[in-house]
Amino acid sequence: MATFVDRVVLHVTAGDGGHGCASVHREKFKPLGGPDGGNGGKGGDVVLVVDPGVHTLLDFHYRPHAKATNGRPGMGANRYGANGDDLELKVPDGTVVHGEDGEVLADLTGAGTRFVVAHGGHGGLGNAALATAKRKAPGFALLGEPGDTQDVVLELKSVADVGLVGFPSAGKSSLIAVVSAARPKIADYPFTTLVPNLGVVTAGETVFTMADVPGLIPGAATGRGLGLEFLRHIERTAVLVHVVDTATEEPGRDPVADIDALEAELSAYGGLEDRPRLVVLNKVDVPHGRELAEIIRPDLDARGYQVFEISTVTREGLKPLLFALAAIVEEERARRGAPDPTRIVLRPVAVDETPFSVTPDDEGGYVVRGVKPERWVRQTDFQNDEAVGYLADRLAKLGVEMELAKVGASAGDAVTIGGVTFDWEPTLGGAAEVLLTRRGEDPRLALSDRPGASDRLLARRRRRGQDPDAGGERGAYDYGDDR
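Calculation rules
- Residues numbered from 1 in each chain as written.
- Predicted model: local features only at pLDDT ≥ 70, side-chain atom pairs only at ≥ 80, totals over all residues.
- Heavy atoms only, no water.
- Helix = DSSP H or I, 4+ residues; strand = E, 2+ residues; numbered from the N terminus.
- Contact = heavy atoms within 4.5 Å.
- Areas by Shrake-Rupley, 256 points an atom, 1.4 Å probe, with all protein chains shown as cover.
- Phe/Tyr/Trp six-rings, centres within 6.5 Å; stacked < 30°, edge-to-face > 60°.
- Buried < 20%, exposed > 50% of the residue type's maximum accessible area, 1.4 Å probe, protein only.
- Pairing = 2+ DSSP bridges.
- Right-handed = clockwise from strand over helix to strand, strands pointing away.
- Axes fitted to C-alpha atoms, helices over the stretch in contact; angles between N-to-C directions.

Q: Quick question: what am I supposed to make of the overall build of the chain here?
A: On a plain count of helices and strands, the chain comes out with twelve helices and 18 strands. Restricting the contact set of the chain to residue pairs at least 6 apart, pairs at least 24 apart contribute 70%. Surface summary for the chain: the accessible area is close to 25,800 Å², and the carbon and sulfur share equals 52%.

So, in structure tokens, the structure goes:
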């Protein structure tokens, strides 16, 4: 069973907004009570929150789907629907969020850092909020907007000060076990460590974290072995430590060649060229290990490395190593300074920026793209003629009809907004609010070639093989002969 997961695909769905309510106040002796439909509630957001108590993405490995609650619909008597509850997902410090196209959406570091990965849908307005001096009692309400749905990739990059790199069985896990309270698995065969280990080390008054990267071998940066899966865990380190096994019994192994091979992999991975390096010659408690350390040390000194000879068994040389690491970590912390508090970034739209665009499609029609037009279409009930007329008025005020005329659109052309395609009728842009009509109707649609409710009812009866003149099922405008 997996106990450490540092990369998962998370399917998030925010809550849908609640529908608005179309209601008219009815009370004895108050025949003109007016509209009193309430607004729908906003859908809940899906939020990622950094929690210092979480160290792995294991929970999302078993439960990769997350959905926030929906907003409640509005009701009569001006009662608003309740907002949906936000869903907070706790992630480890150092989690990077990638979009479906690989773009980095957020780099979550620091306890309490929050990122809204999916926004809840807006609630629809009730007819009380849509009432104006010209449309005193709207016969429609706006629908709730669906919440965002997307797949994101979460990658964990351990926030460690010191990163240990080295060939398998070089002694990295043994070093962490000796200098910290971490208890990784240690054995005498390669690839014993299958997951990164993290330990907290104290050297004098300095406390820092140390992490090892398992499975680094030649070709790791291109996917060979385990290195590619865990190289990301040393991206945030302040110093890299080469742990070299001087007592290896493998034929043909050269510690200097091992360091060169690992440096080539780090260079191929990229982004680590400016990190200071130390070299730890481990297992000097073994006689031939100490002899080999004395032979190769001059060569490493000539290359500019700080070299330390240690033994994790006898703990020889550990104190100078830890204090040297603490000095480098303190210097790096002073250079970086105190971390900036999490700030809210606002990106206002430019005052002269067009809120939509109109482009021709491949089929002779036109596509309108923009946040407002697409949201308005999603919130429109196309079974209600008055709601369709209200949408046409909003689009005309925004300038969509004028832009369509500029790009050469003519009456009857197919126009697509937010996945909904309809035939463009420029006359819908008139001031229909001044006309008094029955609730739920729009005279411009009634005068057009668009089938009305009665026509649609007759067509449905004919499809079912019923007599159109028979009684039975009556539509909204079919009152019979005894009206």
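Continuing now.
Q: I'm lost on the packing of aromatic side chains in this one. Help?
A: Two numbers describe a pair of aromatic rings. These are the distance of the centres and the angle of the planes. Tallying each qualifying case throughout the model produces one aromatic pair. Here the aromatic rings of phenylalanine 140 and tyrosine 390 are separated by 5.2 Å at their centres, their planes lie at 45°, and the arrangement is tilted. One end of the pair, phenylalanine 140, is in the loop between α2 (127-130) and β8 (149-156); the other, tyrosine 390, is in helix α9 (residues 385-398), and 250 residues separate them in sequence. Across the pair, tyrosine 390 and phenylalanine 140 agree in class, each one buried.

Q: Is there a simple way to explain helix α3 (residues 172-179) in this structure?
A: Structural remark: α-helix, 3.6 residues per turn; residues separated by three or four positions point the same way. Most of α3 sits inside the fold, with eight of its eight residues counted as buried. On its buried face, α3 is in contact with β9 (162-165), β10 (198-203), β11 (206-212), β12 (239-245) and α7 (318-336).

Q: How should I be thinking about the pairing of strand β14 (residues 306-309) in this particular structure?
A: Residues in a regular strand point their side chains to alternate faces of the sheet. Examined bridge by bridge, strand β13 (residues 277-282) and β14 share four bridges and lie parallel to one another. Across the sheet, the residue bridging to leucine 278 is glutamine 306, located in β14. Note on the crossover from β13 through helix α6 (residues 287-302) to β14: the handedness is right-handed.

Q: Just to check I follow, could you spell out the sheet that holds strand β18 (residues 420-423) for this structure?
A: Each strand in a sheet pairs with another by means of backbone hydrogen bonds, the pair being arranged parallel or else antiparallel. With respect to topology, four strands assemble into an open sheet ordered β15-β16-β17-β18, the strand pairing being mixed. The sheet is open, and its two borders are formed by β15 (357-360) and β18, each paired with just one other strand. Mean inter-strand twist for the sheet, computed between neighbouring axes without regard to direction, equals 25°.

Q: For this particular structure, what's the right way to read the environment of alanine 392?
A: Within the fold, alanine 392 resides in helix α9. For alanine 392, a relative accessible area of 10% translates into the label buried. Each C-alpha atom of the pair alanine 392 and proline 426 lies 9.2 Å from the other, and the pair is 34 residues apart in sequence.

Q: I'm lost on the pairing of β12 in this one. Help?
A: The element β12 is largely enclosed, with a buried count of seven among its seven residues. Of the two faces of β12, the one lined by Val239, Val241, Val243 and Asp245 and the one lined by Leu240, His242 and Val244 are each fully buried. In this sheet, β12 lies alongside β9 in parallel orientation, the contact comprising four bridges. By the bridge assignment, valine 165 is partnered in β12 with histidine 242. Note: β12 against β13, six bridges, orientation parallel. Each bridged residue has a counterpart across the sheet, and for valine 244 the counterpart in β13 is leucine 281.

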